[in-house]
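Summary of the model geometry
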Amino acid sequence: MKILSVINEKGGVGKTTTTLNIAHELARHGFRTLLLDLDKQCDLTKTVYRQPWEVGIREVLEGITSIDEIYYENEDKLRFILGSKDISAFKDNGADLRLILEQAGIDKETDFVVIDYPPEANDATIKGLIASDYVLIVTEVETLSIDNLLPMIETLEVVCSSHERPFNIIGIVANKVDYRRNLTKINYERLSRMLGNILFDTHIGTNTMIPYSIQEGVPVRKVGWSKAAKQYSLLVEEMLERMK
Ligand SMILES: Nc1ncnc2c1ncn2[C@@H]1O[C@H](COP(=O)(O)OP(=O)(O)OP(=O)(O)O)[C@@H](O)[C@H]1O
Ligand SMILES: [Mg+2]
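This report concerns the structure included in the present document. (Residues numbered from 1 in each chain as written. Chains lettered and ligands numbered in written order. Predicted model: local features only at pLDDT ≥ 70, side-chain atom pairs only at ≥ 80, totals over all residues. Heavy atoms only, no water.)

The local shell around ligand 1 holds 18 residues, among which Lys 15, Thr 16, Thr 17, Asn 175 and Asn 207 are the closest. Take Val 13: an N or O atom from its main chain is 3.1 Å from an oxygen atom of ligand 1. Contact between ligand 1 and Asn 207: a nitrogen atom at 2.9 Å from a main-chain N or O atom of the residue. Here ligand 1, which alone exposes 630 Å², has 81% of that area covered by the protein. Contributions of two or more residues to the shell around ligand 1 are made by helix H1 (15-28) and helix H9 (209-216). For the shell around ligand 1, the class distribution of residues is five nonpolar, 10 polar and three charged. (Near = heavy atom within 4 Å. Polar contact = N/O pair within 3.5 Å; in protein donor to acceptor, adjacent residues only side chain to side chain. Areas by Shrake-Rupley, 256 points an atom, 1.4 Å probe, with all protein chains shown as cover. Helix = DSSP H or I, 4+ residues; strand = E, 2+ residues; numbered from the N terminus. Nonpolar A, V, L, I, M, F, W, Y, C, P; charged D, E, K, R; others polar.)

With seven of seven residues buried, strand E6 (residues 134-140) is to be regarded as a mostly interior element. Every second residue of E6 is oriented toward a common face, with Tyr 134, Leu 136, Val 138 and Glu 140 on one face and Val 135, Ile 137 and Thr 139 on the other, all of them buried. Relative to E6, strand E1 (residues 2-7) runs parallel, the two being bridged by four bridges. The partner of Leu 4 across the bridge, within E6, is Tyr 134. The pairing of E6 with strand E7 (residues 168-175) spans seven bridges and is classified as parallel. When the bridges of E7 are listed, Glu 140 appears paired with Asn 175. (Buried < 20%, exposed > 50% of the residue type's maximum accessible area, 1.4 Å probe, protein only. Pairing = 2+ DSSP bridges.)

Attention now goes to the packing of aromatic side chains. Scanning the entire structure with this criterion turns up five aromatic pairs. Relative to Phe 112, the ring of Phe 31 lies with its centre 5.1 Å away and its plane at 90 degrees, an arrangement referred to as edge-to-face. One end of the pair, Phe 31, is in the loop between H1 and strand E2 (33-37); the other, Phe 112, is in strand E5 (residues 112-116), and 81 residues separate them in sequence. What makes Phe 31 partly exposed here is its relative accessible area of 28%. Between Tyr 179 and Tyr 188, the aromatic rings sit 5.8 Å apart at their centres with planes inclined by 50 degrees, giving tilted as the arrangement. When its relative accessible area of 9% is taken as the criterion, Tyr 188 is described as buried. Members of the aromatic cluster, joined through ring pairs, are Tyr 49, Tyr 72 and Phe 80. Above the plane of the ring of Trp 53 lies Lys 85, whose end atom (NZ or CZ) is 3.8 Å from the centre. For the cation-ring pair, Arg 242 lies above Phe 200, with the distance from its terminal atom to the ring centre recorded as 4.0 Å. (Phe/Tyr/Trp six-rings, centres within 6.5 Å; stacked < 30°, edge-to-face > 60°. Lys NZ or Arg CZ within 6 Å of the ring centre and 35° of its normal.)

Here it is, written out as structure tokens:
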């Protein structure tokens, strides 16, 4: 079982969208994939589980609820663990996310856990990060987004080195790329110069099918052919290649 965290300290860059779509692509490759929502907004949970719910991952981390109660599979065979709207109030109690998954036997039936994060850090996000094998950074190609990347990578390295279990930054993916904008070309070149060693060759373009698919509660591939679906597929191939 590999745990992949999809992060950025900036809001609205496409973390949730990327989490859902790469999980779906991993599942298409035959990997048994599980989604986990660590964001109090619960956008991922609301997208895949389209009904009201009470308890989520916070109660599991606090030992109040068993994971079986918040563990679902939708009609696409995508499995997910419900988020908690009050997850940011979770206080570190020594719980170990990986151990919780292992004790529930989930590791034996899962190849990848893909975790969606909020833009801000809290005790729950630290739990997720230190349980991770890989971290994927999603960014927009805007000046301020790019400026934030190096300090964020430094923070990640500090978190990583202060815990026993090291994780790899598997790469940075540029999202909402619109080459019709001149500024995008300039910023993309800057991003490549700065972080070309970890930037994925594949980017995700701005595509109206993406918000539409989220509204429908499905990965973009499920709403018909789109360039975005092809790009997520290439991104996952590139990511799997880096994991070899
Ligand atoms: N490539 C894209 N093209 C067009 N729209 C996109 C793209 N990626 C994401 N979006 C849209 O941008 C908005 C923000 O995306 P998303 O919710 O995935 O960001 P986020 O980083 O998870 O936000 P938050 O920080 O609030 O959790 C959504 O409306 C989503 O549909
Ligand atoms: Mg989100």
